[in-house]
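# Architecture at a glance
The lines below spell out each chain.
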Amino acid sequence: MDRNNPEKRMRYLIVGGVAAGASAAAKLRRLDEHAEIIIFEKGPQVSFASCGLPYFVSGVIPEKSSLEIMNPEKFKQILNVDVRLHHEVVSILTDRKKIRVLNLKSEETTEESYDKLVLATGAESFRPPIKGIKSSAVITIRTIEDAVIIRERGKTIKSALVMGAGFIGLEVAENLAAIGVKVTVVEKSSQLLATFDPEMIAPMIRSMKNAEIDIRLDTEVTGLEELESGKVKVEFKAQDTLETDIVLCCVGARPRVGLAKNAGLLVGERGGIVVDNYLRTSDPDIYAAGDVIEVHHRIDSSIILSPLAGPATLQGRIAAKNIEKTETKEYCGVLGTAAIEAFGCTLAQTGLTERQLNRAENSDYRTIYLHPDNHVTYFPGSSTITMKVIFENNSRGRILGAQANGVNGVVRRIDTIAMAIKLGGSVFDLEEVDLVYTPQFGAPKAPVNVAGMLAANRIQECNLFVDPLDFSFSSDVCILDVRNKSEHETERIAGSINIALGDLRNNYIYLNPARKIQLVCSQGKRAYAAHCILAQLGFNTVVLTGGLNTFRDFVTSGLIPKTRLESHSPDASAGHLG
Ligand code: FAD
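Residues numbered from 1 in each chain as written. Predicted model: local features only at pLDDT ≥ 70, side-chain atom pairs only at ≥ 80, totals over all residues. Heavy atoms only, no water.

## With respect to the packing of aromatic side chains
We count it as follows: Stacked, edge-to-face and tilted labels apply to pairs of Phe, Tyr and Trp rings (six-membered ring for Trp) whose centres lie within 6.5 Å, assigned for plane angles under 30 degrees, over 60, and everything in between, in that order. Comment: elements are numbered from the N terminus, with helices defined as DSSP H or I runs of at least four residues and strands as E runs of at least two. Classification of residues uses two cut-offs on accessible area relative to the type maximum, computed with a 1.4 Å probe and protein chains only: under 20% is buried, over 50% is exposed, and between them is partly exposed. Working rule: Lys NZ or Arg CZ, within 6 Å of ring centre, within 35 degrees of ring normal, means a charge sits over the ring.
For the structure shown, the criterion picks out six aromatic pairs. A ring pair is formed by Phe167 and Phe196, whose centres lie 6.1 Å apart and whose planes are at 20°; its orientation type is stacked. Linking Phe167 in helix H5 (residues 167-178) with Phe196 in the loop between strand E11 (182-186) and helix H6 (202-210), this pair joins segments that are 29 residues apart in sequence. Judged by centre distance (6.4 Å) and plane angle (55°), the rings of Phe473 and Phe551 are tilted. One end of the pair, Phe473, is in the loop between strand E26 (465-466) and strand E27 (477-481); the other, Phe551, is in helix H16 (residues 547-556), and 78 residues separate them in sequence. The class of Phe473 is partly exposed, set by a relative accessible area of 29%. According to the relative accessible area criterion, Phe551 is buried, its value standing at 0%. Stacked on the ring of Phe56, the Lys or Arg Arg151 has its end atom at 4.1 Å from the ring centre.

What follows is the structure, encoded as structure tokens:
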């Protein structure tokens, strides 16, 4: 085709102008200077920063204009893309390759023809069908206007109830708490941040409790009633009620597929538009990208929704490439790499969780826990990171997932592992890769290297580690804590005895060689050193992975009964210990 001939230039129409739509438009322009490109956006802004909205509520992001990354003028000037705000695409006439557009201001409807169409209609906040959910005191957070309303209300209210303890719910809760609002977080399931394994969110629970957030798990809101006082009465399934000034509904989002469905495009079981590897819908002239589509998980190929800005932007770009030249670039799927920072605690994850792998039915994988410092402790300001790495239990050692929490340096470790997973890497790669070390940024044995070493040890020495959930309290097994006496006195696993690592060579004779020994220390390092001593002396030993720190997180998250952890109790007796 002669692209310079205006009669033959391509006409690309894009529905939705945020992450996926804006990215598709920008890439299409870079690939085709002559095409006519139009974005139809029903809202009042194009390409705004939804991820920043919770931080606008508290004023961390002070100016609304900071959230407006682009505007129609800039789109025209920089990219020669025509952006039509307040224009809702109401139907697609696939047989005629046209869309019908409603101008929401003039209420006029027009038809526009396309050569290729991109659907980037995103997702919409879900409101569960309960009494009073449509009340004006119940607010969702999806647009800049929502954030402006919450910020304004935040200036006068004293209390707020956040429904839903996912990423957005907790970010909103943190920002409301930061401006002095008393926040209650209510979650229907038994866990906050359900995309993580439960023990990995234990520090977030502790941080939220320190911030005096009222967390109510296993709590379902069944009704909402606006009272004459201006407050909202919240009714729970358990028959109790609570009065609050405002309700933030953060219970998830649903792909906006109405337009696609009405046009006869295929929508999948997860509720998103079905696309092929080139992000083509079931109509070859219509592509789709972003929160509105279903994607495959890179590790297990499962079909999922992955409503995140990074994938949405990448998909927009890939759709554009394939529009410009058919089947140029395949979409590689997602790893679910994500992070949240709230209440002074950062959590990050990539790949599959243990819950997704289904521990009860799957014995093909193993996990390790570790608690390295984000940088060497001799340099001021270090803090601990807790990491969990999940990997195939075979000589290949493919990495399946990783999660981490801490204060600083958490995201960097997860991003590193995400790249390793993308490249099909193994725990042996984590062990060997050379990573940055300067005192303020790391350690000669980088946390990611240590994770690889532990995982490699676990694969090569199959009975080296025991997981907290498999830890035995049977009388045939000795629990030997090798921390110092004072540490053991302060907090310990119920039934454990204590010989400090430094005393072990002189005191192992008191241990019963006929009994299996479970070795415990705070993080696993001293227990591993004790294992090396005792195993070479003929003892049958295993090391508690992640040590007492991980065990405590299992207790905090309710996976292990509280009675298994004792605090401030008298010292274990001396004599014939095991
Ligand atoms: P959207 O951003 O939903 O945009 C779709 C657009 O299409 C909308 O503007 C809509 O008005 C328009 N539209 C829909 N239908 C039509 C129609 N028929 N005609 C015309 N226009 C239409 N992701 C992260 O990765 N990290 C984060 O930290 C993060 N934080 C978030 C915080 C909040 C509060 C929210 C709400 C989301 C957050 N996300 C985050 C998710 C991220 O914002 C989305 O994944 C991303 O915006 C998806 O982009 P999208 O283009 O697919 O859809």
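What follows picks up the thread again.
## Details of the site of the ligand
Let me state the cut-off plainly: The rule for a residue being near a molecule or strand is that one of its heavy atoms must lie within 4 Å of it. Between N or O atoms, a polar contact is any pair within 3.5 Å; within protein, one atom must be a potential hydrogen donor and the other a potential acceptor, and residues adjacent in sequence are included only when both atoms are from side chains. For the area figures, the Shrake-Rupley method with a 1.4 Å probe applies, and any residue is considered shielded solely by the protein chains shown. Here the nonpolar group is Ala, Val, Leu, Ile, Met, Phe, Trp, Tyr, Cys and Pro; Asp, Glu, Lys and Arg are the charged ones; every other residue, Gly included, is treated as polar.
Contacts to the ligand come from 30 residues, most closely from Ala20, Glu41, Ser50, Asp291 and Ala309. Within the backbone of Val89, one N or O atom sits 3.0 Å away from a nitrogen atom of the ligand. Contact between the ligand and Ala309: an oxygen atom at 2.8 Å from a main-chain N or O atom of the residue. Bound to the protein, the ligand loses 89% of the 990 Å² it would expose on its own. In terms of residue class, the shell around the ligand is made up of 17 nonpolar, seven polar and six charged.

## Overview of the pattern of salt bridges
Rule in force here: Note on definitions: salt bridges are taken to be side-chain nitrogens of Lys or Arg within 4 Å of carboxyl oxygens of Asp or Glu.
Considering all chains together, one arrives at 31 salt bridges under this definition. The closest approach of N and O atoms between Lys131 and Glu235, which form a salt bridge, is 3.1 Å. Of this pair, Lys131 sits in the loop between strand E8 (123-125) and strand E9 (138-139) while Glu235 sits in strand E14 (residues 232-236), and the two are 104 residues apart along the sequence. Since its relative accessible area comes to 47%, Lys131 is described here as partly exposed. The partner of Glu489 in a salt bridge is Lys485, and the shortest N-O contact between them spans 3.8 Å. With a gap of four residues between them, Glu489 and Lys485 both fall in helix H13 (residues 485-490), about one helical turn apart.

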